[in-house]
Amino acid sequence: MAVKKRLEPFRAKWREEDVRHLLKRIMFGAKPGDVAYWQEMSLRKALNELLSDQPAPAPPINNYNDDKFTDDEILPGETWVTSINYDGMNNSRRKNSFKAWWLGLMLNQNRNLREKMVLFWHNHFATETNTIDHALMCYRHNALLRQHALGNFKDLVKAVTKDPAMLKYLNGTANNKKAPDENYGRELQELFTVGKGSGSHYTEADVKAAAKVLTGFRNDTTTYVSIFDPGRHDSSDKTFSEFYQNTIIKGRRGPEGEQELDDLLNMIFAQDEVARFVCRKLYRFFVYHQIDEATETNIIAPLADLFRASNYELKPVMRELLGSQHFFEAANRGAIIKSPVDFTVGLCREFGIAFPDSASAADQYALWLSVQVQTAGMQQNIGDPPNVAGWPAYYQEPMFDKLWINSDTLPKRNVFSDGMINGSIGRNGKKLIIDVIAYTRTLPNPADPLALINDAVQRLYMIELSDPDKQYIKSSILLSGLQDTIADHYWTQAWNNLTARPDDTVNKNNVTRKLKSLYKYLMNLPQYQLA
């Protein structure tokens, strides 16, 4: 089909703040090195690289032997995803290993959109590790999302439908011709494809018919892969409503019964609402939560047309959206409250916090898991969203992302950022800590206190801070109440002395203390919560 209307492309000069806006939305934080890297090329070339295919990452490993348990099958440092032997002791440890590994992938993401898309699809096809309760199936589900993250959406839906973790999570394994279970048939339509918008009119009878189509899938309890069992499949004809043009899916017998899944997906994906529903979710995740009539007409509708014309390939849609003038409009910058994952992982990446390398895998995984646990405390527990609809901040009107901040989570965000300043998270003598001097040295003019604050604010915030606020921060936070040009000279001399005589412990401690106060204060301000 021909696309009637395209989004206006971004044609302005590609500036540092434009790069930072893009990276804060599509990666976890905007690392200074990444900003400089992308600024060297055009937006078109940057998007080509950001949307490029990536090899699969190395799987999670045994990091979990301790004084109460030793995995006799999997040696330390070797991957456990090759094992099909599970019990209560190894399963719980492997689930923690899985979550730590995933957080580590976010921390060490390549210059690519894939990891953010994995989180997007995890929220879209939400499953809970605690319910699935099987580390291998959770890992394979996550790997499936990563494999299809920027591929074809229809292929992804088919793969998720037959995925062992999803079959268990939404009762697909209990769905058979004698007792059809409607759980997945309902969510396939309500949450995964056509949604509940004004253009979606599927019926309760459609849910029941879809459930019958999907009978026959179950999990092999030895290998934990899904199989189609013709003896469990309802081979009768299934009739759908007017919304689906009164389609009749002809019942099939024997192994051919599995092909009814293709018939079902072909029928669903023939509805225009599929593209609109997914494009709205992409928009809310990457641009802004509010979709008014103008946005629906001028942004969502053209994107949905392109999505359908591209046979549900994701890359053309993401390239169109992220390369548009609309994406870079001032009103969309700093307009989203950071999710807890964006807050914690982005902080670690932007400040270049060092984690142990693979030679200390046990410590590395333990500290990755520590960050994951802190993030979960802020109400985003990767692997365990609250329910099948995902996190309310991505869909709950009218609050949306404002739900991330409350009387419980804001103090925890401040405790986390303060802890990264003070090095309060550690293991075996290895601390997660911001090297405030090293970070400050990457700024253009750290010897000038006002320039230092200006540059730090520009790098850490997506909205401007007023000049009086900067003056207050300079005199009251960085310079501990010192005033006027004498105060500026005091800081310049202290910084220059640090550069000339780095072994001067007294001066180094003094500079370090003042910089810690500065960055702690900046990260506790509301502006730091925005992306």
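All figures in this text were calculated on a predicted structure; none of them were measured in a lab.

J.: Please set out empty space enclosed by the protein residue by residue, giving values where relevant.
T.: This model, assessed by the stated rule, comprises four cavities of 30 Å³ or more. Quantified by volume, the largest cavity comes out at close to 190 Å³. The set of elements that each furnish at least two residues to the lining of the largest cavity consists of helix 1 (16-26) and helix 13 (272-286). Classifying every residue of the lining of the largest cavity by side-chain character gives seven nonpolar, two polar and seven charged. The wall of the second largest cavity is formed by 13 residues, among which Phe 98, His 122, Thr 127, Cys 138 and His 141 lie closest to the centre.

J.: Let's hear about the side chain of Asn 63: which residues, and what values?
T.: Assignment of secondary structure puts Asn 63 in the loop between helix 3 (43-50) and helix 4 (88-107). Engagement of the side chain of Asn 63 in a polar contact is seen with the side chain of Ser 97, the distance being 3.3 Å. When sequence neighbours within four positions are dropped, the list of residues in contact with Asn 63 reads Ser 97, Ala 361, Ala 362 and Tyr 365.

J.: Please give an account of the side chain of Arg 308 that cites residues and values.
T.: Structurally, Arg 308 is set in helix 14 (residues 293-309). Accessibility expressed as a relative area gives 17% for Arg 308, which makes it buried. Reaching out from Arg 308, the side chain makes a polar contact with the backbone oxygen of Asp 272 at a distance of 3.2 Å.

J.: I'd like a description of the environment of Gln 189, backed by residues and values.
T.: Along the chain, Gln 189 falls in helix 10 (residues 183-192). Between the C-alpha atoms of Gln 189 and Glu 40, which are 149 residues apart in sequence, the distance is 44 Å. Residue contacts for Gln 189: discarding those within four places in its chain leaves Val 194, Gly 195, Tyr 202, Asp 206, Val 207, Ala 210, Tyr 244 and Ile 268. Polar side-chain contacts of Gln 189 include one of 2.9 Å to the backbone oxygen of Gly 185.

J.: Explain helix 11 (residues 204-213) to me, and be specific about the residues and the numbers.
T.: Among the residues of helix 11, Asp 206, Val 207, Ala 209, Ala 210, Ala 211 and Val 213 are the ones counted as buried. Buried residues belonging to helix 11 abut helix 10, strand 3 (238-239), strand 4 (248-249) and helix 12 (260-269).

J.: Before we move on, could you go through the nonpolar core and cite the residues and values that matter?
T.: Judged by nonpolar contacts, the single largest core of 167 residues is most densely connected at Trp 121, Phe 153, Leu 515 and Tyr 519. At nine residues, helix 13 tops the list of elements feeding residues into this core. Those residues in contact with Trp 121 that sit more than four places away from it in its chain are Leu 145, His 148, Ala 149, Phe 153, Leu 156, Val 278 and Leu 314.

J.: So, the environment of Asn 112: which residues are in play, and what are the values?
T.: Among the structural elements, Asn 112 can be located in the loop between helix 4 and helix 5 (114-124). Overall, Asn 112 belongs to the buried group, its relative accessible area being 3%. Along the primary structure Asn 112 and Leu 23 are separated by 89 residues, whereas in three dimensions their C-alpha atoms are 9.5 Å apart. Sequence-distant contacts of Asn 112, defined by excluding residues within four places in its chain, comprise Ile 26, Met 27, Glu 49, Leu 50, Leu 51, Ser 52, Gln 54 and Leu 150. A polar contact is formed between the side chain of Asn 112 and the backbone nitrogen of Arg 114, at a distance of 2.8 Å.

J.: Before we move on, could you go through the packing of helix 4 against helix 17 (residues 361-377) and cite the residues and values that matter?
T.: Between two packed helices, what matters for the description is the angle formed by their axes and the separation of those axes. Running from amino to carboxyl end, helix 4 crosses helix 17 at an angle of 85°, the nearest separation of the two axes being 8 Å. Classed by the angle they form, the pair helix 4 and helix 17 counts as roughly perpendicular. Across the interface between the two elements, Asn 96, Ser 97, Lys 99, Ala 100, Trp 101, Leu 103, Gly 104 and Leu 107 of helix 4 pack against Tyr 365, Trp 368, Leu 369, Val 371 and Gln 372 of helix 17. For the contact of helix 4 with helix 17, a count of residues per class yields eight nonpolar, four polar and one charged.

J.: Explain the pattern of salt bridges residue by residue, including any values.
T.: Counted according to the given criterion, the structure contains 35 salt bridges. Taking the shortest distance from any N to any O, the salt bridge between Asp 34 and Arg 111 comes out at 2.6 Å. Placement of Asp 34 in helix 2 (residues 32-39) and of Arg 111 in the loop between helix 4 and helix 5 is noted, with a sequence separation of 77 residues between them. On the basis of relative accessibility, which here comes to 6%, the residue Asp 34 falls in the buried class. By relative accessible area, which is 30% here, Arg 111 ends up partly exposed. Here Lys 250 and Asp 237 are joined by a salt bridge, their closest N and O atoms 3.5 Å apart. Separated by 13 residues along the polypeptide, Lys 250 in the loop between strand 4 and helix 12 and Asp 237 in the loop between strand 2 (226-228) and strand 3 bring together distant segments of the chain. Via salt bridges that share partners, Arg 15, Glu 17, Asp 18 and Arg 333 belong to a single interconnected network.

Cut-offs and rules
Residues numbered from 1 in each chain as written. Predicted model: local features only at pLDDT ≥ 70, side-chain atom pairs only at ≥ 80, totals over all residues. Heavy atoms only, no water. 1 Å grid on protein atoms, 1.4 Å probe; cavity = no way out; pocket = protein on both sides within 12 Å on 5 of 7 lines; lining within 4 Å. Points joined across faces, edges and corners; volume = space filled by probe spheres on them. Helix = DSSP H or I, 4+ residues; strand = E, 2+ residues; numbered from the N terminus. Nonpolar A, V, L, I, M, F, W, Y, C, P; charged D, E, K, R; others polar. Polar contact = N/O pair within 3.5 Å; in protein donor to acceptor, adjacent residues only side chain to side chain. Contact = heavy atoms within 4.5 Å. Buried < 20%, exposed > 50% of the residue type's maximum accessible area, 1.4 Å probe, protein only. Core = buried A, V, L, I, M, F, W, Y, C linked by side-chain atoms within 4.5 Å. Axes fitted to C-alpha atoms, helices over the stretch in contact; angles between N-to-C directions. Parallel < 35°, antiparallel > 145°, perpendicular 65-115°, else oblique. Salt bridge = Lys/Arg side-chain N within 4 Å of Asp/Glu carboxyl O.

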